[in-house]
Protein chains: 2
Amino acid sequence: MKPLKDFTPAQKEALKTETQKRYDNFSAEKLNIDMSRGKPGPDQLDLSEKLLTAVSGANDYKSENGFDCRNYGLLTGIPECIRLFAELFEAPENNVIIGGNSSLELMFDYISQCVTNGAGGKPWGQLPEVKFIAVTPGYDRHFAIAEYFGIKMINVPILSGGPDMDMVEGLIKDESVKGMFCVPKYSNPDGISYSDETVKRLAEMRPAASDFRVIWDNAYMVHGLYENDDDKLLNVFDEAKKHGNEDIFVMFASTSKITFPGAGVSALAASDANIKMITKRMTMQIISYDKLNQLRFTKVFKTSDDIKAHMRLHAEILRPKFAAVLETLEKELGGLGIASWNVPKGGYFISLNVETGSAKKVGDLCKKAGLILTNVGATFPYGIDENDANIRIAPTFPSPAELKKAAELLCVAVKLVCLS
Amino acid sequence: MKPLKDFTPAQKEALKTETQKRYDNFSAEKLNIDMSRGKPGPDQLDLSEKLLTAVSGANDYKSENGFDCRNYGLLTGIPECIRLFAELFEAPENNVIIGGNSSLELMFDYISQCVTNGAGGKPWGQLPEVKFIAVTPGYDRHFAIAEYFGIKMINVPILSGGPDMDMVEGLIKDESVKGMFCVPKYSNPDGISYSDETVKRLAEMRPAASDFRVIWDNAYMVHGLYENDDDKLLNVFDEAKKHGNEDIFVMFASTSKITFPGAGVSALAASDANIKMITKRMTMQIISYDKLNQLRFTKVFKTSDDIKAHMRLHAEILRPKFAAVLETLEKELGGLGIASWNVPKGGYFISLNVETGSAKKVGDLCKKAGLILTNVGATFPYGIDENDANIRIAPTFPSPAELKKAAELLCVAVKLVCLS
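Scoring rules and cut-offs
Residues numbered from 1 in each chain as written. Chains lettered and ligands numbered in written order. Predicted model: local features only at pLDDT ≥ 70, side-chain atom pairs only at ≥ 80, totals over all residues. Heavy atoms only, no water. Phe/Tyr/Trp six-rings, centres within 6.5 Å; stacked < 30°, edge-to-face > 60°. Helix = DSSP H or I, 4+ residues; strand = E, 2+ residues; numbered from the N terminus. Buried < 20%, exposed > 50% of the residue type's maximum accessible area, 1.4 Å probe, protein only. Lys NZ or Arg CZ within 6 Å of the ring centre and 35° of its normal. Contact = heavy atoms within 4.5 Å. Buried area = accessible area lost by both parts, 1.4 Å probe. Polar contact = N/O pair within 3.5 Å; in protein donor to acceptor, adjacent residues only side chain to side chain. Nonpolar A, V, L, I, M, F, W, Y, C, P; charged D, E, K, R; others polar. 1 Å grid on protein atoms, 1.4 Å probe; cavity = no way out; pocket = protein on both sides within 12 Å on 5 of 7 lines; lining within 4 Å. Points joined across faces, edges and corners; volume = space filled by probe spheres on them. Least-squares fit on C-alpha atoms with pLDDT ≥ 70 in both. pLDDT = per-residue confidence, 0-100. Pairing = 2+ DSSP bridges. Axes fitted to C-alpha atoms, helices over the stretch in contact; angles between N-to-C directions.

*Asks:* Where do I start with the packing of aromatic side chains in this structure?
*Replies:* Two descriptors summarise a pair of aromatic rings, namely the distance from one centre to the other and the angle between the planes of the rings. With the rule as written, the count across this model stands at 22 aromatic pairs over all chains. Centroid distance Tyr194(B) to Trp216(B): 5.8 Å. Interplanar angle 85°. Geometry classified as edge-to-face. Note that Tyr194(B) is positioned in the loop between strand E6 (177–182) and helix H7 (196–203) and Trp216(B) in strand E7 (residues 213–217), a separation of 22 residues in sequence. A relative accessible area of 1% places Trp216(B) in the buried class. Within the aromatic cluster, the residues linked to one another by ring pairs are Phe85(A), Phe89(A), Phe297(A) and Phe301(A). Lying over the aromatic face of Tyr348(A), Lys257(A) brings its terminal NZ or CZ to 5.3 Å of the ring centre.

Encoded structure:
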C-alpha cells in the first residue's frame, strides 16, 4: 500500500467510504471482545491442570525438609520453591523470598515499606518530594502504585534497547529522584528487552539518592514466543555487584502467566541488606504465605527446565494469536504511514502507535463497536499520553477467530480516524 | 494446698528441695517442647483433608457465577465465599472483602493504608504523633504492627468483660489517639469475650479523632470449646450504626484456625465508606486474590453451620489439651496463692499470671529445661510487661503427653522461682 499522504482526494474518499461501511458492518455484529488486559486464555490455563491435584491427600503435604505445609511457618517459603526461583532469577537462594499469589502486591508492598519506613535512609513519606522515573510507554499498574503513594513521575521514553539512558543518567542527579520501575524483558507494552549496554549502564548508575531503588519487574522472564530466538537478559545483580550497587535492584516475578493468574506463586530477589529489611517487616506482617500452593507448584515443576518446557506449550498457543494481530496490522495498515507497531518476540502485548492526537478517537470507535482496548493513555503516568498516540493490544485472551475480527476492527478504526 | 505464705520455713525448704529435684529430673530428660505459638496440631489439620482435593479437575474450577477461578478477576472474592463470610460476620455481602491467606496481613495493610493515605482524614504518617490504645495483655503481633509504624501505644488492662472502658473513654478525648486493636471474642491470651456492655460502650464512643479506627480482630469467632456454652458476641456493626459510628470498626478474620494455618482464606468487613477506600487501594495493589483457594474452601463449607459443625471436631481435640494444662495448674499451684490463670471457654490460649517480677525467671527456667513458652513480655507493647507477671500458654500444638509434661515443668518453675 502506498502512504496515505500520497493518496489523491478521490482515492481518500473511496477508502473512507469503504472503511466506514466496514465499520458499520462491525457495529451491526454487536461484538463483545475484550483485548484490554494481559490475561491468558482458558486453553493456556488447561496446561496447568496437574497443579490442582498435585497435593491431594494424606502425607502428601510435606516439603522436602519434612515441614508440614498445612501449618504456620517458613516465613520466606519452602526450600524447593526458593531453589526453583533462585534458579529462574539466577540469584543465590538466600537472596530469594517467596510471596503470596501476586508479584504486584509484593511490589506495592515494597514501595509502601520505602514510604513508611525507608529503604535504608529516611522514610520517603517524610521527604518533601519523591520522584520516580517512569519508562514510557509502560505498565499502568506500576504508575498507579507511584501515584497512590504521591510519588511524582517523570517520563523517560523506551528506545529499542531499553529506557533512554542518557535521560536516566541526567535525572538521577536529582536527590529527590528515588527510583524507577523496569520491565526489563519483553517490556509491557513494547516487548522490548533491555540490551546488555542498558543493563550495564543501569548497574553502574551513581544516583544522588543513596536509597535509589529499581523495581526490576521480571514479569516475562520465561515468556518468549520462540524457543530458538529468546532474548537473553544480562543478570543485573551480577553487574550491579561489580559497582557495589546490588542494593539498588529488587527483582520481582510470579507464576501468574506460567500457571494460574492470581492463583500462582510470587517471589522477589534482592541484596542481603534488602532481604534483611524486607524479612524484618514480614515478621510483623504475616506468619507465612501459602506453602501448600508453593508445594503444588514445585511438585509439578522441579527445575527451571521444567518451567521452560511448559512455557513452550504456552508459546504454541500464543504464537498464532500474536500472528493473527500482526498479520492483520500489516495487511490493513502496512505502508500507509499512519501507524507503527512492534513485532514482539515475547511478553503479552503489541504496542501500536497511531498518529498524534488519534489514539483516544480510535479507542472510542472500537468501544462503540464492541471491542474493549486497554484504556487509551493508560500506558503513561496519570493516564496522560501527551501525544495521544499509543494503544496497547493484549492478544492473549480472545479466541483466534475473535482476534482476527478485533484486529480488523481496530485497523478500520485507525484508518477512519485518519480519514475523517 | 495452703497458701505458700503460710508455710513454715521447714515446709518451704522441703518443698524447695523436692521442687528442685523435679526440675533437675525434667532437665535430664532433654525435652524439646514448643508451647510458644497458637498453632493447631497435625490432628486438627487432618480434619480439613477434603480441602486438598476439593477442586480437582476439568470444569471444576468455576465459581457459582460461572467465573473461571484459575484466571485474574473478581477483586473482592468469589460470591459464595463473600456470602459465607457475610454469614459468619453477620454483615451485608457488600461490606465484605475476601483477602489472601492471612488476616494479619490484611490488618497490617489496613494500618499501612491509614499511615500513608489516611482513614478518611489526613494520612497518619503526616501527623506529629499517632497513638493507639493497647488492650493488655494482648496479641504480640498487633503490638508489633503499631510499633513498626511508629504508633505509640498506651496500655489499657483487660477486665473480665473486656477492656477497661472508663480508661478507654478517657483516652479517646486525645485527638492523637487514633485507634485500638481488639480481639473481642476469646481474647488472646485471656480468652475473654467482650460483654454486651463493653461492645455497646465501644459502639457509642465519641473519639476526638474523626478517623479513629478499631481493628476488630475476630480471630476466634467460631472457636468455642463448648457447643452449649459458647460466648455470644454482640454485633458491633449493628450497635455502631445506632450511633453513626459504623466507620470506626473494621473486622478481620481468617480460616487459619478453621482449616489450614497459612493456607486458608482471610476476610474483612467494614462500612460502605471504608470498603470504598480499601477497594480503591486494592485496584492498585493486586489484580485478585487466590480464588481457587476460596473455591476449595466453599466447596467443602457452604454455610456457617458447616463451619460450626467442623469447629466442634476441633473442640473435641482441643478440650483434653486445655484440660491437661488446667488440671495440672490446679493440682500443682491451686491454693498456693502464687499464681492465677483463666479458664477459657474458647480461643487458643491460657493466660497465667505469676508473682510480680517472676515471669521472666520462670520463662528462663523452662527454656533451660527444653520448654519454649511465648517470649515473656510479648503480651505487652514493646515486649515490656511492667509487672513481669504474665505468661501466655499455647496448649494446642503439643501432644497430650508432651502437654502434661510441659505444664508440670512450668508449674515446677513457677514454684522454684517463688521459693528461691
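*Asks:* I tried to follow the interface of chain B and chain A on my own but got confused; where do I start?
*Replies:* In many reports, interface size means the accessible area that the parts give up when they come together. The interface of chain B with chain A comprises 55 residues on the first partner and 55 residues on the second. Carbon and sulfur atoms supply 54% of the area that chain B and chain A bury against each other, a total of about 4,800 Å² over both sides. Taken as a group, Arg70(B), Tyr72(B) and Tyr148(B) account for 16% of the area that chain B buries against chain A, more than any other trio of residues on that side. Counting the contacts that link chain B with chain A gives 20 residue pairs in polar contact (both at pLDDT 80 or more). Within the residue set of the side of chain B that touches chain A, elements represented by two or more residues are helix H2 (42–46), helix H4 (103–117), helix H5 (140–148), helix H9 (272–285) and helix H10 (291–300) of chain B. By residue number, the principal contributor to the side of chain B that touches chain A is H4(B), which donates nine residues. In the side of chain B that touches chain A, the residues fall into 25 nonpolar, 17 polar and 13 charged.

*Asks:* Would you take a moment to explain empty space enclosed by the protein for this structure?
*Replies:* Space left empty within the atom packing is revealed by a probe, the size of a water molecule, rolled over the atoms. One pass over the structure, following the stated rule, counts 10 cavities of 30 Å³ or more. When its volume is computed, the largest cavity comes out at roughly 190 Å³. Surrounding the largest cavity, 19 residues form its lining, Gly100(A), Asn101(A), Asp290(A), Asn101(B) and Asp290(B) being those nearest its centre. Looking at side-chain class alone, the lining of the largest cavity contains four nonpolar, 11 polar and four charged residues.

*Asks:* Would you explain the layout of surface pockets in this entry?
*Replies:* Of the volumes computed, that of the largest pocket is approximately 850 Å³. What lines the largest pocket is a set of 48 residues, and nearest its centre among them are Ile287(A), Arg37(B), Tyr139(B), Asp140(B) and Arg141(B). Considering each element in turn, the lining of the largest pocket owes the most residues, five residues, to H5(B).

*Asks:* What's the story with the relation of the copies chain B and chain A in this structure? I'm lost.
*Replies:* Between chain B and chain A, which share one sequence, the superposing operator has a rotation angle of 180° and an axial displacement of 0.0 Å; the RMSD is 0.0 Å. Taken together, these values place the two copies in the relation of a two-fold axis. Comparing interface residues between copies, 100% of those in chain B also lie at the interface in chain A; the contact surface is shared.

*Asks:* Explain the confidence of the model for chain A here, please?
*Replies:* Low pLDDT marks regions whose predicted coordinates should not be analysed in detail. On average, residues of chain A score 97 in pLDDT, and 100% of them are at 70 or above. Confidence estimates for the predicted assembly give a pTM of 0.97 and an ipTM of 0.96.

*Asks:* Looking at this structure, I do not really get the sheet that holds E6(B). What am I missing?
*Replies:* Neighbouring strands of a sheet are bound in pairs by backbone hydrogen bonds; such pairs are parallel or else antiparallel. All names here are of chain B. Here we have eight strands laid out as an open sheet, ordered E2-E9-E8-E7-E6-E3-E4-E5, and mixed in their pairing. Two strands lie at the open edges of the sheet, namely strand E2 (96–98) and strand E5 (162–163), each paired on one side alone. Inspection of the sheet shows strand E8 (residues 249–254) paired to strand E9 (residues 266–269) by four bridges, in the antiparallel sense. Pairing of Ala253 across the sheet is with Ala267, part of E9. Of the strands in this sheet, E2, E8 and E9 are in contact with helix H3 (residues 79–89), which crosses E2 at around 125°.

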